[in-house]
Structure formats: structure tokens, C-alpha cells
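A structural walkthrough
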Amino acid sequence: DASYRQSEAPHYNARDLAVVRAKSANAITVLGSATPSLESFHNARIGKYTYLQLTQRIEGRPMAKAELIDMREVFRRFGKDPVLSPSLISAIEETHKRGEQTIILLNRRGYSSFVLCRTCGEMIKCINCDITLTFHKAARRLSCHYCGYHRDVPKHCPQCSSEYLYSIGEGTERVEELIAAKFPNLRIARVDRDSVRRKGELDRILLAFGRGEFDLLVGTQMLAKGHDFHGVTLVGVISVDIGLGLPDFRAAERTFQLLTQVAGRAGRGNLPGRVLIQTYYPEHYALQAAVNQDYEQFYRKEIRFREQMGYPPFAHLISIIISHKNAEKADRTAKILRNALDRANPEKLCRILGPAPAALSLLKGLYRRQILLKSNNRKHLRSVMDQALEIAETLGCEKRFLEIEIDPVDLL
């Protein structure tokens, strides 16, 4: 799971450390997951790990039946893009009538994704990061989920002074509001980073839901795994395509894992479960495999893509982020480092990509440039990196502006 990866310096993966630690102690490591990383499963396939498969749920309970709702068809029928499809609305109503519980997953908090001026097209962005501010209706403010910057919602566009400001996209706060308006008798709770800020609030909501004090739970990926609610027979997933569209080679893997995990929340008791996944891309192999809850199906498709593109497990990666509060100095440092990498790599043992603006090119007031190193030999990769750092220092590169991550979990 990605949570075992330390995303800030010093970077390390607790899974990999466990494997190395066990080897040094002549011990056995047990890696257990319904959705293992592609690298771990590949190690099992090639015989590096011993593969033990659990073929059924406890007490032989059936897996929840999963279905894809094609939102393109919904749009063709109704001429609009509803947040909740008619199929999902009907399923929520039927589930409630039976006295059973529902979980709705939307991996985006807030009320709307951003605020747009309909006159000039300006989007209100963070002053420290190259991203739009998320609208939080209850707090009546716009917030950045990366640096914490927030401001009041303006009455007029900062660019053209127009009063026609419009909130675009939906978050968990808006979905909670929509469901409450549609089903006024439904007892609803929300679980995301905004609703459980106070100590003990998360446990209070989850325990109350487990006791049946709520009929429906809306939340982010915090709800996707580790929970055992026997009253839940319906899981609905909204805007799953957000994850698939991220500029990262692991986007499909993360989406498959999230869907498989949240599907596992339905039908954990004696009653059968149902999972409805709303999407505009029902043909995607990650969604097809998730509906079938078939890891092998996903693996066969994804491993082919990884091999063709030279991504893990067929290559090792090093991501270098160059950050500076001055854009020109960030560019200069990146060019020096690229020059040093080329000089340390005369035999082309590694493939060097960049420098280029990082996916988040401005973050917390720092301009970010990225260089990516790829090689199918880890020793070559480390050797080139170490030599390049020595050369770069003699060329005037300041290491404090570099963030080097070996085997990065994501490239954002």
C-alpha cells in the first residue's frame, strides 16, 4: 500500500525495508494484500516470492456484485451530467427501504473543485501553488489542499470584476448536500479530512455507523479499506475517472486498488452486496478488472503496458525535483544537473528525461523542475546518480535545492 511509503525526505518504503531486514535476520516476510503492488506480484510470478492465494472470503461469503454505470449514456438520455445517476439514486432508495446501509465514495473533498468566472474564464488559484482553490461551502472559503492557504469567497472576479462566479465540479460536501435534499429522511454522515479534524471525531462517526445510527456514509478514500460494517450492502463510487486522468504511470493501478478495496466494504455480513461505479470510460481495463474483482486480469493488461514503456518492474527509476523560489534559478540548477548527468552517463547506461516543469510546477511558493532517470540496472542507476552529484557540485549546483527519490511511488 502507498501509505507504507515515506513521501517526504528521507524517502523509504517500509515494505522494502521489511524484506531487507528479514533477509539480514534469516527470517520470513509475509506480504498480505487483496491488491498487491505490481512489483510485488511480479516478484511472485517470477519465483522471487512464494505466492499463497486466498481464493474465498471468510465463511465462503460471495463477493459483492459490481456494475459500471456509463455516464455517457446518462448524459444522452437526460441532456445533462448529474452527480448522482438515476441507477444510483434508485439503489440508495431500495437499500434504505430494506433497512440496510450505503457507502458513497468520492475521492475529492470540499464542495466544488474550483470557482470559475463565466465572463472572462478566470479560475481562482492559490497564490503559493499552481492549482485552483477548492470551494468549501460550510466554511465559506476557498482553500488550497497542498499548502493550507485560504481566502474568503470573492463577490466579484479578481480579474474582470464580474459578479458571475460559478463553482465547478463536486466534492464530498456537495454530494452530502445533494443526497440529503433527495432523501430528507436519510441519516447521513460525512468522513473526510474536513469533517474529522477534531480528535476522536473519526472514531465517533465510524462507531455510530457500525451501530446503525447512520443510514449512509459519504467520504473519501478514508472509507475504502479496513472497515467491517455488516449492515452495508451498497457501495456507490462517483467520479472514478479523476484518478485515471492523473499524469502518472501508476494511475490505473491506484484506481484499480481503490475500487477493489471499496467494493470489499459491501456484503461483509450475511446479506449480499452491490457496487455501482459511475464512469465516462467504462471500457478502461482497470475498471473492467475492478468490476470483475480480478487482480490477474488487471495484472495481465498493466504488465504489458509497463514492459512496453519501460516502467517498473522492468526498470528502476530516480526522480529528481529541483525547487527554488526563483524560477530562473530553478531552471539554471536543473540545466547544470542535466549537464552533469550526461557527463556521468557516457555509455548511455541510463535514460535521462528532462528537465521539465513538474506536474505541480509551483508548490508552496517554490518553482519545481523534474528530471527522471530510468535503467533496468539499479547499480548503473546509482552509479550515474552519485557521479553526477559530484560533477554538479563542481559546476555550482547547490544540493539543498534537490530532492532525490529512488523508486518513487508517484511522479506528481
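Residues numbered from 1 in each chain as written. Predicted model: local features only at pLDDT ≥ 70, side-chain atom pairs only at ≥ 80, totals over all residues. Heavy atoms only, no water.

Comments concerning the overall build of the chain
In terms of regular secondary structure, the chain is built from twelve helices and 17 strands. Against the 2.2 N^0.38 benchmark of 22 Å for 412 residues, the chain shows a C-alpha radius of gyration of 24 Å, consistent with a compact globule. Seen along its three principal axes, the alpha-carbon backbone of the chain occupies a region of about 70 × 65 × 45 Å. Out of the 412 residues in the chain, the part that is buried amounts to 46%. (Helix = DSSP H or I, 4+ residues; strand = E, 2+ residues; numbered from the N terminus. Rg over C-alpha atoms; globule rule 2.2 N^0.38 Å. Buried < 20%, exposed > 50% of the residue type's maximum accessible area, 1.4 Å probe, protein only.)

Remarks on the pairing of strand S12 (residues 232-237)
Counting buried positions along S12 yields six of six residues, so the element is predominantly enclosed. Direction of pairing for strand S4 (residues 101-105) relative to S12: parallel, over a ladder of five bridges. Counted as the bridge partner of Leu 105 is Val 237 from S12. Where S12 and strand S13 (residues 274-279) come together, four bridges link them in parallel fashion. Opposite Gly 236, over in S13, you have Leu 276 as the bridge partner. (Pairing = 2+ DSSP bridges.)

Brief notes about the nonpolar core
Among the nonpolar cores identified, the biggest contains 41 residues, and Ile 103, Leu 217, Val 235, Val 237 and Val 275 are the most heavily contacted of them. When residues no more than four places from it in sequence are discounted, the contact partners of Leu 217 are Thr 102, Ile 103, Ile 104, Ala 189, Val 191, Ile 205, Leu 206, Phe 209 and Leu 223. Counting 22 residues, the second-largest nonpolar core is a separate cluster that includes Leu 373, Ala 388, Ile 391 and Leu 402. (Core = buried A, V, L, I, M, F, W, Y, C linked by side-chain atoms within 4.5 Å. Contact = heavy atoms within 4.5 Å.)

So, the sheet that holds strand S7 (residues 141-143)
Working definition: the strands of a sheet are paired by backbone hydrogen bonds and lie parallel or antiparallel to each other. Reading across from one edge, S6-S7-S8 is the order of the three strands in this open sheet, with antiparallel pairing throughout. With one partner strand each, in any of the chains shown, strand S6 (134-136) and strand S8 (150-152) form the two edges of the open sheet. Taking the axes of each pair of neighbouring strands and ignoring which way they run, one obtains an average angle of 30° across the sheet. Both S6 and S7 contribute to a ladder of three bridges, which runs antiparallel. Residue pairing in the sheet places Thr 134 in a bridge with Ser 143 of S7. (Axes fitted to C-alpha atoms, helices over the stretch in contact; angles between N-to-C directions.)

Observations concerning the packing of helix H11 (residues 327-343) against helix H12 (residues 378-394)
Interhelical geometry of H11 versus H12 gives an angle of 125° and a closest axis separation of 8 Å. Classified by the angle between their axes, H11 and H12 sit oblique to one another. Judged by the twist between their axes, the crossing of H11 over H12 is right-handed. Of H12, the residues touching H11 (which contributes Ile 336, Leu 337, Ala 340, Leu 341 and Arg 343) are Val 384, Met 385, Ala 388, Ile 391 and Ala 392. In the contact of H11 with H12, the residues fall into nine nonpolar, no polar and one charged. (Parallel < 35°, antiparallel > 145°, perpendicular 65-115°, else oblique. Left-handed = near helix turned anticlockwise from the far one by under 90°. Nonpolar A, V, L, I, M, F, W, Y, C, P; charged D, E, K, R; others polar.)

Here we look at the packing of aromatic side chains
Centre-to-centre distance and the angle between the planes together describe a pair of aromatic rings. Here the structure, examined in full by the defined rule, presents ten aromatic pairs. Between Phe 41 and Tyr 299 the ring centres are 4.8 Å apart and the planes differ by 65°, which places this aromatic pair in the edge-to-face class. Of this pair, Phe 41 sits in helix H2 (residues 38-45) while Tyr 299 sits in helix H10 (residues 295-309), placing them 258 residues apart in sequence. What makes Phe 41 buried here is its relative accessible area of 4%. (Phe/Tyr/Trp six-rings, centres within 6.5 Å; stacked < 30°, edge-to-face > 60°.)

So, unusual backbone geometry
Cis peptide bonds are those with omega within 30 degrees of zero, and the linkage from Pro 312 to Pro 313 qualifies with 10°. Residue position: Pro 313 is located in the loop between H10 and strand S14 (316-324). Note the cis peptide between Gly 354 and Pro 355, where omega equals 10°. In this structure, Asp 407 is a non-glycine residue whose phi angle is positive, near 55°. Within the element layout of this structure, Asp 407 appears in the segment after strand S17 (402-406). Using a relative accessible area of 25% as the deciding quantity, one classes Asp 407 as partly exposed.

Comments concerning the environment of Leu 116
With respect to the secondary-structure elements, Leu 116 resides in strand S5 (residues 114-117). Along the primary structure Leu 116 and Cys 157 are separated by 41 residues, whereas in three dimensions their C-alpha atoms are 8.5 Å apart.

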